[in-house]
Amino acid sequence: MTDFSHLVREANLIGGAWVGADSGTMIDVTNPATGAVIARVPNAGADETRRAIDAAHAAFPAYAALPLNERVAMLRRLHQAILDHQEPLARMMTAEQGKPLSEARAEVGSSAAYVLWFAEEARRIYGEIIPSPVAGRRLMTTKHPVGVVAAITPWNFPSSMLARKIGPALAAGCTVVVKPASATPLSGLVWGHLAEQAGFPAGVVNVLTGSARAIGGEIMTNTKVRKITFTGSTEIGKDLIRAAAGTVKRVSMELGGNAPFIVFDDADLDRAVSGAITAKFRNAGQTCICTNRLYVQSGIYDRFTAAFAERVTALKVAPGDEDGAEQGPMIDEAAVEKMENLLADALEKGGQLVTGGGRHARGGLFFQPTVISDATPAMRFSSEEIFGPVAAIYKFETEDQAISLANDTEYGLAAYAYTQDMRRVFRLQDQLGYGLLGINEVLIVTPEAPFGGIKESGMGREGGRQGIEDFLDLKYTCIGGL
């Protein structure tokens, strides 16, 4: 087994120095598969956050003024450093987060790909020359880094969520203060170490662990922070948006989801079942774009449910580092209890348990992959994000009904559909109220394309050429007397 201990940092990176919390207190990092403590990280607060922001603010002018080729070279070295350490980084992630090692390896690879993409996009921060309505003037627009960026990231994708924020920020010429989730801090702190290896100057990348309330409170009120980029729940996102208004910070929000997965009678059944397995059970269902509601047309409903349940029952539930593991543990006890409560609600309201239905025989935080049929809109998981390995299957009759049911939510992150009717594909594209659409495909996230939701699923985009724009200020200049 590849060891990751050489990458563990049990300190915060502030202004180029690895330091502990002022209080000296630490937070245990536990392996959700075993409950074992694998590391301890600082429990930092507002004072340490203020110093990190000051460091980023002090480093910003010189970093923003660096020649483009120097920034690009550092990002390329960061990309290579991630790839050079892909296996130990993946094992670190599996140890603190629980996902199967195959998924962790893919996430680390994705992180590197985002850094490389934005290294390339740094060369395409274009301005414009605007035709002047009067003689003797030149009108132009230019783009400039916004300044200090604060990034707050979740535990479910502790590396790639940082890549999609740190990558464009550094490419644009911004400096960053990063707050990773307390459940998975090691995959966040290691970015500071890798940034040092890549040659980023002191203060350009700062990483803090500790109290979300204290760190977030300082970030939101500090006038030196000019942009917030956050991935997490809609509830917390709304709080951050309100707090950002006090100093008119720019915000990017990637928030909750309630993804529908629509299977029409004409779908390729095998492909739809395979897609549903991936869309529902990847990372034990703990994914913002995981399908939350499976809508299956009546003509194929029974066959799909049987084939899907057979595949679900065969999933190997095991610690993420065990050979062949397909579903690891859930992140904590509260997540397991939420699955139990959602299932009890569904069964009470007429849902039929097809497979699974409770805690796994392995004990601890392991939960059985579960399928509920005869789901109805009255059940809680019709409106609540499940965020776990429970699949609810609904029956529909017509295309219009499916679209109406799919759109009946305040969320608008991702939606999936399986059909072989190309006319229907374009109708779905027009009528489904989601920022991301997968048609006959569920692994749709890639650095080349914009990622983000609409409605209460967020604002802004990560990835694609659009992903760097939120880290740039647009200036207009009029030059007269020519």
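From a predicted model like this one, the values you see are computed outputs, not experimental measurements.

Caption draft 1: Quick look at unusual backbone geometry. In the Ramachandran plot, Val248 falls in the positive-phi region, its phi being about 50 degrees despite a non-glycine side chain. Relative to the elements of secondary structure, Val248 occurs in the loop between helix H8 (234–244) and strand S11 (250–254). Judged by its relative accessible area of 62%, Val248 falls in the exposed class. Phi at Phe387 takes a positive value of approximately 55 degrees, unusual for a residue other than glycine. Locating Phe387 in the fold gives a position in the loop between strand S15 (370–373) and strand S16 (390–396). When its relative accessible area of 21% is taken as the criterion, Phe387 is described as partly exposed.

Caption draft 2: Representation of the sheet that holds S16 within the structure. Taken in spatial order, the seven strands line up as S14-S15-S16-S13-S12-S17-S18 in an open sheet, and their pairing is mixed. Of all strands in the sheet, those bounded by a partner on one side alone are strand S14 (352–355) and strand S18 (436–439). On average, adjacent strands in this sheet sit at an angle of 25 degrees to one another, irrespective of strand direction. Bridging between S15 and S16 involves three bridges; their strand directions are parallel. Note on S16: the bridge partner recorded for Val371 is Ala391. Helix H11 (residues 333–348) contacts S14, S15 and S16 of the sheet and is inclined by roughly 25 degrees relative to S15.

Caption draft 3: Summary view of the environment of Phe264. Along the chain, Phe264 falls in the loop between strand S12 (259–263) and helix H9 (269–281). In this structure, the C-alpha to C-alpha distance between Phe264 and Ala417, residues 153 residues apart in sequence, is 7.7 Å. Excluding residues that lie within four positions of it along the chain, Phe264 makes contacts with Gln297, Ile300, Phe396, Glu399, Ala417, Tyr418, Thr419, Arg424 and Leu428.

Caption draft 4: Highlighting the side chain of Thr370. The topology assignment puts Thr370 in strand S15. Of note is the side chain of Thr370, whose polar atom sits 2.8 Å from the backbone oxygen of Gln368.

Caption draft 5: A look at empty space enclosed by the protein. Overall, the coordinates contain five cavities of 30 Å³ or more when judged by the stated rule. Approximately 70 Å³ is the volume found for the largest cavity. The wall of the largest cavity is formed by Ile82, Leu89, Met93, Val108, Ser111, Ser159, Ser187, Val190, Trp191 and Leu194. The biggest single contributor to the lining of the largest cavity is helix H6 (residues 186–198), with four residues.

Caption draft 6: Fine view of the pattern of salt bridges. Under the counting rule described, the total for this entry stands at 28 salt bridges. One salt bridge connects Glu107 with Lys99, and the closest N-O pair in it is separated by 2.6 Å. The buried category is assigned to Glu107, whose relative accessible area is 4%. On the accessibility criterion, Lys99 (2% relative accessible area) is buried.

Caption draft 7: Examining the nonpolar core more closely. With 57 residues, the main nonpolar core has Leu78, Ile82, Leu170, Trp191 and Phe200 as its most contacted residues. Considering every element that reaches this core, the biggest residue donor is helix H4 (residues 101–121), with nine residues. With sequence-adjacent residues up to four places away left out, Phe200 is seen in contact with Tyr63, Met74, Leu75, Leu78, Leu170 and Ala195.

Caption draft 8: Representation of H6. If you check H6, its first and last C-alpha atoms are 18 Å apart, about what 13 residues at 1.5 Å a residue would give, namely 18 Å. The buried fraction of H6 amounts to 11 of the 13 residues, a majority that puts the element mostly inside the structure. Just past H6, the residue Gly199 takes up positive phi, approximately 95 degrees.

Caption draft 9: Main features of the pairing of S11. The buried fraction of S11 is high, at four of five residues. Looking at chain direction, strand S10 (residues 225–231) and S11 are connected through five bridges and run parallel. For Thr229, the partnering residue across the bridge sits in S11 and is Ser252. Viewed along the sheet, the connection from S10 through H8 into S11 turns out right-handed. One ladder, built from two bridges, connects S11 with strand S19 (residues 458–459); its direction is antiparallel. The partner of Glu254 across the bridge, within S19, is Gly458.

Caption draft 10: The arrangement of the packing of H9 against helix H10 (residues 301–313) in detail. Closest axis-to-axis distance for the H9/H10 pair is 10 Å, and the angle between their directions is 50 degrees. Classified by the interaxial angle, the pair formed by H9 and H10 is oblique. Of the two possible hands of crossing, H9 and H10 adopt the one that is right-handed. In contact with Leu269, Ala272, Val273, Ser274, Ala276, Ile277 and Phe281 of H9, H10 contributes Arg303, Phe304, Ala307, Phe308, Arg311 and Val312. Of the residues assigned to the contact of H9 with H10, the class counts are 10 nonpolar, one polar and two charged.

Caption draft 11: Expanded view of the layout of surface pockets. Of the volumes computed, that of the largest pocket is approximately 1,100 Å³. Along its surface, the largest pocket is lined by 42 residues, and Trp155, Phe230, Gly232, Ser233 and Ile236 are the ones closest to its centre. With seven residues, the single largest contributor to the lining of the largest pocket is helix H7 (residues 212–221). Looking at side-chain class alone, the lining of the largest pocket contains 21 nonpolar, 12 polar and nine charged residues. Of the pockets and cavities examined, the second largest pocket occupies roughly 410 Å³. What lines the second largest pocket is a set of 21 residues, among which Ser110, Phe157, Ser160, Arg282 and Val445 lie closest to the centre. Put simply, the parts of the chain that give the lining of the second largest pocket at least two residues each are H4 and helix H5 (160–172). Among the elements that make up the lining of the second largest pocket, the one with the highest residue count is H4 (five residues). Class assignment for the residues of the lining of the second largest pocket results in 12 nonpolar, four polar and five charged.

Definitions and cut-offs
Residues numbered from 1 in each chain as written. Predicted model: local features only at pLDDT ≥ 70, side-chain atom pairs only at ≥ 80, totals over all residues. Heavy atoms only, no water. Helix = DSSP H or I, 4+ residues; strand = E, 2+ residues; numbered from the N terminus. Buried < 20%, exposed > 50% of the residue type's maximum accessible area, 1.4 Å probe, protein only. Pairing = 2+ DSSP bridges. Axes fitted to C-alpha atoms, helices over the stretch in contact; angles between N-to-C directions. Contact = heavy atoms within 4.5 Å. Polar contact = N/O pair within 3.5 Å; in protein donor to acceptor, adjacent residues only side chain to side chain. 1 Å grid on protein atoms, 1.4 Å probe; cavity = no way out; pocket = protein on both sides within 12 Å on 5 of 7 lines; lining within 4 Å. Points joined across faces, edges and corners; volume = space filled by probe spheres on them. Salt bridge = Lys/Arg side-chain N within 4 Å of Asp/Glu carboxyl O. Core = buried A, V, L, I, M, F, W, Y, C linked by side-chain atoms within 4.5 Å. Expected span 1.5 Å × (residues − 1). Right-handed = clockwise from strand over helix to strand, strands pointing away. Parallel < 35°, antiparallel > 145°, perpendicular 65-115°, else oblique. Left-handed = near helix turned anticlockwise from the far one by under 90°. Nonpolar A, V, L, I, M, F, W, Y, C, P; charged D, E, K, R; others polar.

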